[in-house]
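Residue strings, one per chain:
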Amino acid sequence: MFGLGMGELVVILVILILIFGTSRLASLGKGLGEGIRNFKKGVKEVHWLDNETLLVTAPEDPSLYAQQVSKRKDTSDVVDDEKHAPPVRLFQVKVKDRKVTRLTTNKDRISSTFVSDDGAWAVTIHQRSLRYEYDQLIRPATFLDNLKDGTAKRIFTDEKILPQNVVFTPDGKGFYFTAPYTTYTKYLWAAISLLYYYDLGTGQATKVNLDWDRGLGSRYSTLFQVSKRGEIGRAHV
């Protein structure tokens, strides 16, 4: 499970018991399970914002069209059905009372969500076309979501920079991210990953000079982390 052995899982369980206590931990587990079950089409991602609040990326409940298809017992699967594909949005779930609040009203599909350590910000990648993986015509949109006041703004609107892996700095003042780069701008399949830093205060992104000829390597095989001292490490998968 997530690459953890039995020993690591036991240690994590002990730490959780020490922090919350057995009764509190049981209550959190029950609230988490019931909160997740509210999403009829499952969930894409789950992040903790604080000890009692979850940020969930999930499809909306089945539409009237989907319900009618289900009643007809139609088991056919329409490929890339843009018209009827449900939007994938952000939701807030309060674990204690299982209250679910919709945070976004986007009509496209959020494919990736990256959350700051303090739970104040999220970067969301919106897939606007189900055909993008093979035609790369309508590129994803990147949004910066303020989880405290519920506002969101689109960043990198010229679509020249398309963030992929995003890691917020420990101080919450910005985030590092990778983006594909190639001299052939129509398609991004054969690209390398470059590293950038986005400053929340100025709203500006700058390229990080790593002095590596091929940046972080292939955009499909590179992850990175940022230490508390701001040191950047990479790992090839």
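Everything quoted here is computed from the prediction, not taken from an experiment.

## Here we look at the side chain of arginine 89
One can find arginine 89 in strand 3 (residues 88–94). Relative accessible area serves as the criterion here: at 14%, arginine 89 is assigned to the buried category. Of note is the side chain of arginine 89, whose polar atom sits 2.7 Å from the side chain of glutamate 60. What arginine 89 contacts, discounting residues up to four positions off in sequence, is Val56, Thr57, Ala58, Glu60, Arg102, Thr104, Thr105, Asn106, Lys107 and Ile110.

## Digging into unusual backbone geometry
The phi dihedral of glutamine 136 is positive, around 50°, even though this residue is not glycine. Its location among the elements puts glutamine 136 in the loop between helix 4 (132–135) and strand 7 (141–146). In this structure, glutamate 159 is a non-glycine residue whose phi angle is positive, near 65°. Here glutamate 159 lies in the loop between strand 8 (152–155) and strand 9 (166–168).

## Points about the sheet that holds strand 11 (residues 192–199)
What the four strands build is an open sheet, ordered 9-10-11-12; its pairing is antiparallel. Of all the strands in the sheet, just strand 9 and strand 12 (204–207) have a single pairing partner and so form its edges. Strand-to-strand twist of the sheet, defined as the mean angle between neighbouring strand axes without regard to direction, takes the value 30°. By the bridge criterion, eight bridges tie strand 10 (residues 174–181) to strand 11 in an arrangement that is antiparallel. The residue bridging phenylalanine 175 from the neighbouring strand is tyrosine 198, located in strand 11.

## Considerations on the pairing of strand 11
Counting buried residues in strand 11 gives six out of eight residues, a clear majority hidden from the surface. The pairing of strand 11 with strand 12 spans four bridges and is antiparallel. What sits directly across from tyrosine 198, in strand 12, is alanine 205. Here strand 11 folds back onto strand 12 in antiparallel fashion, the turn holding four residues, of which glycine 203 has a positive phi close to 70°.

Conventions and cut-offs
Residues numbered from 1 in each chain as written. Predicted model: local features only at pLDDT ≥ 70, side-chain atom pairs only at ≥ 80, totals over all residues. Heavy atoms only, no water. Helix = DSSP H or I, 4+ residues; strand = E, 2+ residues; numbered from the N terminus. Buried < 20%, exposed > 50% of the residue type's maximum accessible area, 1.4 Å probe, protein only. Polar contact = N/O pair within 3.5 Å; in protein donor to acceptor, adjacent residues only side chain to side chain. Contact = heavy atoms within 4.5 Å. Pairing = 2+ DSSP bridges. Axes fitted to C-alpha atoms, helices over the stretch in contact; angles between N-to-C directions.

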